[in-house]
Amino acid sequence: IDPVVCGAQIVTAIQHIVSRTVDPADSAVISVCKFQAGTKSLNVVPESVELEALIRNVKAALEKAVGLGKNISPDLVAIASNLGEPGRLAFNVGE
């Protein structure tokens, strides 16, 4: 099982959240700003992947529409689970 493949699928899923849930007249962005896996060894499958994303929007009401926090957590963890990886997701609001 390759956590890098799992992480890549999660990044792809995150990129679709705004385009599928926010009115085009509104403004929202989810950016995956960190994708870290493994060490300097090129021939070793890493044990884990760490992703960090930033969510920005103009209207506070968009947070509900985009499904932030607990609403998207199950979907992203399910992607990891379906690929045989244990998934954990944590949201830090306001950092």
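What counts as what
Residues numbered from 1 in each chain as written. Predicted model: local features only at pLDDT ≥ 70, side-chain atom pairs only at ≥ 80, totals over all residues. Heavy atoms only, no water. Buried < 20%, exposed > 50% of the residue type's maximum accessible area, 1.4 Å probe, protein only. Helix = DSSP H or I, 4+ residues; strand = E, 2+ residues; numbered from the N terminus. Arc of directions from axis to C-beta. Contact = heavy atoms within 4.5 Å. Core = buried A, V, L, I, M, F, W, Y, C linked by side-chain atoms within 4.5 Å. Expected span 1.5 Å × (residues − 1). Polar contact = N/O pair within 3.5 Å; in protein donor to acceptor, adjacent residues only side chain to side chain. pLDDT = per-residue confidence, 0-100. Axes fitted to C-alpha atoms, helices over the stretch in contact; angles between N-to-C directions. Parallel < 35°, antiparallel > 145°, perpendicular 65-115°, else oblique. Left-handed = near helix turned anticlockwise from the far one by under 90°.

Undergrad: Just checking my understanding: could you explain helix 3 (residues 73-82) for this structure?
TA: In an α-helix, one turn spans 3.6 residues; hence positions three or four apart end up facing the same way. Ser73, Leu76 and Ala80 are the residues of helix 3 that are buried. Viewed along the axis of helix 3, the buried residues span an arc of 80°, placing them on a single side of the element. Of the exposed residues in helix 3, the ones pointing more than 90 degrees away from its buried face are Asp75 and Asn82. Against helix 1 (3-21) lie the buried residues of helix 3. Phi turns positive, to about 85°, at Gly84, one or two residues after helix 3.

Undergrad: Is there a simple way to think about the environment of Val29 in this case?
TA: Assignment of secondary structure puts Val29 in strand 1 (residues 28-37). When the C-alpha atoms of Val29 and Arg56 are compared, they prove to be 5.2 Å apart, with 27 residues separating the residues in sequence. Those residues in contact with Val29 that lie beyond four places of it in its chain are Val18, Leu54, Ile55 and Arg56.

Undergrad: Explanation requested: the nonpolar core in the structure shown.
TA: Taken as a class, soluble globular proteins show a tendency for nonpolar side chains to be buried jointly. Counting 11 residues, the largest nonpolar core consists of Cys6, Ile10, Ile14, Ile17, Val18, Val22, Ala28, Ile30, Ile72, Leu76 and Ala80. Top contributing element to this core by residue count: helix 1, with five residues.

Undergrad: Sorry, what's going on with helix 1 here?
TA: Compared with the 27 Å implied by 1.5 Å per residue over 19 residues, the 27 Å span of helix 1 between its first and last C-alpha is a close match. Along helix 1, the residues that are buried comprise Pro3, Cys6, Gly7, Ile10, Val11, Ile14, Ile17 and Val18. Looking straight down helix 1, one finds that the buried residues subtend no more than 145° of arc, so they occupy a single side. Its side-chain oxygen placed 2.9 Å from the backbone nitrogen of Val4, Asp2 serves as the N-cap of helix 1.

Undergrad: Before we go on, may I ask you to explain the confidence of the model for the chain in this structure?
TA: Any residue range with low pLDDT should be treated as having predicted coordinates unsuitable for detailed reading. Of the residues in the chain, 80% have a pLDDT of 70 or more, and the chain-wide mean is 78. Within the chain, the element-level pLDDT minimum falls on helix 2 (residues 62-66), averaging 56, and the maximum on strand 1, averaging 88.

Undergrad: Would you mind showing me how to read the packing of helix 1 against helix 3 here?
TA: Geometrically, a packed helix pair is captured by the angle between its two axes and the distance between the axes. Their axes nearest at 9 Å, the elements helix 1 and helix 3 cross at an angle of 150°. Judged by the inter-axis angle, helix 1 sits roughly antiparallel to helix 3. For the element pair helix 1 and helix 3, the recorded crossing hand is right-handed. Counted together, Cys6, Gln9, Ile10, Ala13 and Ile14 of helix 1 and Leu76, Ile79 and Ala80 of helix 3 form the full contact between these two elements.

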